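The primary structure of each chain is shown beneath.
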Amino acid sequence: MFNGLNNNLGNLYKLTNAKTRSVSPENFTGEKGKGGMAVDGNGKGAGRELGQGWKISPCVTVKSGEIFTMADIKSSGAINHIWCTTSGRNWRDFILRIYWDGMDKPSVECPLGDFFCAGWGEYIPVTSLAVCVNPGRAFNSYWNMPFKKGFKMTLENRDKKDMVIFYQIDYTEAEFAPDEEIAYFHAQFRRANPLPYKEVYTILDGVKGKGQFVGTYLAWQVNNNGWWGEGEIKFFMDGDNEFPTICGTGTEDYFCGSYDFENPYNRQYEDFTSPYAGFHQILRSDELYRVQKRFGMYRWHITDPIRFDEDLKVTIQALGWRSEGRYLPLQDDIASVAYWYQTLPMADFPELPDRDYLEVI
């Protein structure tokens, strides 16, 4: 019988023994018949004349310096959808972590905004298969995240102020075949500000195991005039040393655009957001105190995952033009999120920088 863990339009008619569950501030455990029971919460004052069952706990206040456990589930199945929205936009101060099957190290460690393709702290719509950012700064993830023993999801508030988060984690409880091997979802954040001269930006390194790379998000600030996207992305896999197995042809090419993301009729950048790729964020520098151009772009390898058997490293060059038709190695502010699936255990992540290094003005 269909296990219910990988739904699409072609199998929605199939019956399954899987169970649908959801964690939110109205049901922290996801248990059957336990939603909407709160008698205390952020909505208690508004619902004081209505009482239990009337939106008493729709959100949570996470105090400054606190690590809040959003969910801690002991079962097997998969996360199907994550929705959340916050009271503030200091999204690099809010660190999302996800732990699989009782592991003591997170497989996802990322500032909240960057995980949802919003690294610059400004609302920009995204319409893609894996991530959507909808009006009202609503973050949505549709990555399929399987687990065999359970998962824990936490949110750290590094801001000096308390923050409020509304969230819902929709998941399926289902059994895997006894001999079924799965790869676990991972996401890792990195930033170089600025990238040292003639150095290549590393999106991902140190991955050991078997799996597939499934996506890249870049938040890119250009610190130089002229075109900045001549650099090639490279995938080093399974023992590659000096030269990679996969080498791209240019930054905009990798993100499924071409010729500088330029509209040829008005000679301006043209943003786009699509199911598999987007150049969705263009923050212009023509206002007082806004002095740098900033961009956001994503690329999902949903139909073309980058598979590896033993190890993986991903890099991208920051490359523009100098005089006399020569390439210019750029010293830009680049932040990234790498998304991939792999077997457990995984190698250690690099230490996440402190809030001052991550700060975006």
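Our structure is the block above this text.
Now for a look at the structure at hand. (Residues numbered from 1 in each chain as written. Predicted model: local features only at pLDDT ≥ 70, side-chain atom pairs only at ≥ 80, totals over all residues. Heavy atoms only, no water.)

**Here's the deal with the overall build of the protein**
If you tally the helices and strands in the protein, you get 3 helices and 27 strands. The C-alpha radius of gyration of the protein comes to 21 Å, within 12% of the 21 Å expected for a compact globule of 361 residues. Seen through its C-alpha atoms, the protein measures out along the principal axes to roughly 70 × 55 × 40 Å. Taking all 361 residues of the protein together, 52% fall into the buried category. Considering only contacts in the protein between residues 6 or more positions apart, those separated by 24 or more positions represent 73%. (Helix = DSSP H or I, 4+ residues; strand = E, 2+ residues; numbered from the N terminus. Rg over C-alpha atoms; globule rule 2.2 N^0.38 Å. Buried < 20%, exposed > 50% of the residue type's maximum accessible area, 1.4 Å probe, protein only. Contact = heavy atoms within 4.5 Å.)

**Digging into the sheet that holds strand β14 (residues 201–208)**
Where strands meet in a sheet, backbone hydrogen bonds hold them as pairs that are either parallel or antiparallel. Reading across from one edge, β14-β24-β16-β17 is the order of the 4 strands in this open sheet, with antiparallel pairing throughout. Taken across any chain shown, the strands that pair with only one partner, and hence form the sheet edges, are β14 and β17 (246–247). Judged from the 2 bridges that link them, strand β16 (residues 233–237) and β17 form a sheet pairing that is antiparallel. Along β17, the bridge assignment pairs Phe235 with Ile246. (Pairing = 2+ DSSP bridges.)

**Here we look at the nonpolar core**
Within the largest apolar cluster, 63 residues are counted, with the highest numbers of intra-cluster contacts made by Ile79, Phe115, Trp143, Phe151, Ile169, Phe185 and Tyr339. Not counting the four nearest positions on each side in its chain, Phe151 is found in contact with Ala71, Asp72, Ile73, Ile79, Tyr99, Trp100, Ile169 and Tyr171. Formed by 36 residues, the second largest nonpolar core is a distinct cluster that contains Trp227, Met297, Leu312 and Trp340. (Core = buried A, V, L, I, M, F, W, Y, C linked by side-chain atoms within 4.5 Å.)

**Side note on a nonpolar patch on the surface**
Together, Leu129, Tyr276 and Ile302 give the surface a local cluster of nonpolar side chains, amounting to about 250 Å² of exposed area. For Tyr276, the location among the structural elements is in the loop between β20 (272–273) and β21 (277–283). Judged by relative accessible area, Tyr276 falls into the partly exposed class, the value being 35%. (Patch = residues over 30% accessible without salt bridge, like charges linked within 9 Å, V, L, I, M, F, W, Y side chains within 5 Å. Areas by Shrake-Rupley, 256 points an atom, 1.4 Å probe, with all protein chains shown as cover. Salt bridge = Lys/Arg side-chain N within 4 Å of Asp/Glu carboxyl O.)

**Side note on the pairing of strand β15 (residues 211–222)**
The element β15 is extensively covered by neighbouring structure, given that 11 of its 12 residues are classed as buried. Pairing of β15 with strand β23 (residues 306–308), which is carried by 3 bridges, proceeds in the antiparallel orientation. Opposite Phe213, over in β23, you have Ile306 as the bridge partner.

**A few points about the packing of aromatic side chains**
Overall, the coordinates contain 31 aromatic pairs when judged by the stated rule. Relative to Phe295, the ring of Tyr269 has its centre 4.9 Å away and its plane inclined at 65°; by these criteria the two rings are edge-to-face. With a gap of 26 residues between them, Tyr269 in strand β19 (residues 268–269) and Phe295 in strand β22 (residues 293–300) connect regions that are remote in the sequence. Each member of the pair, Tyr269 as well as Phe295, carries the same accessibility label: buried. Aromatic side chains Trp321 and Tyr327 sit 4.9 Å apart centroid to centroid with 40° between the ring planes, which places their arrangement in the tilted category. One cation-aromatic arrangement involves Arg92 over Trp120; the distance from NZ or CZ to the ring centre is 5.7 Å. (Phe/Tyr/Trp six-rings, centres within 6.5 Å; stacked < 30°, edge-to-face > 60°. Lys NZ or Arg CZ within 6 Å of the ring centre and 35° of its normal.)

**Details of unusual backbone geometry**
The residue after Asn193, namely Pro194, is reached through a cis peptide bond having omega -5°. Here Pro194 lies in the loop between β13 (184–192) and β14. With omega at 0°, the peptide bond leading from Leu344 into Pro345 counts as cis. Looking at the element boundaries, Pro345 is found in the loop between β27 (333–342) and α3 (355–358). Positive phi, normally seen in glycine, also occurs at Lys198, with a value near 65°. Residue Lys198 is classed as exposed on the basis of its relative accessible area of 61%. Look at Cys256: it is not a glycine, yet its phi comes out positive at around 65°. Mapped onto the elements, Cys256 comes out in the loop between α2 (251–254) and β18 (262–263). When its relative accessible area of 45% is taken as the criterion, Cys256 is described as partly exposed.

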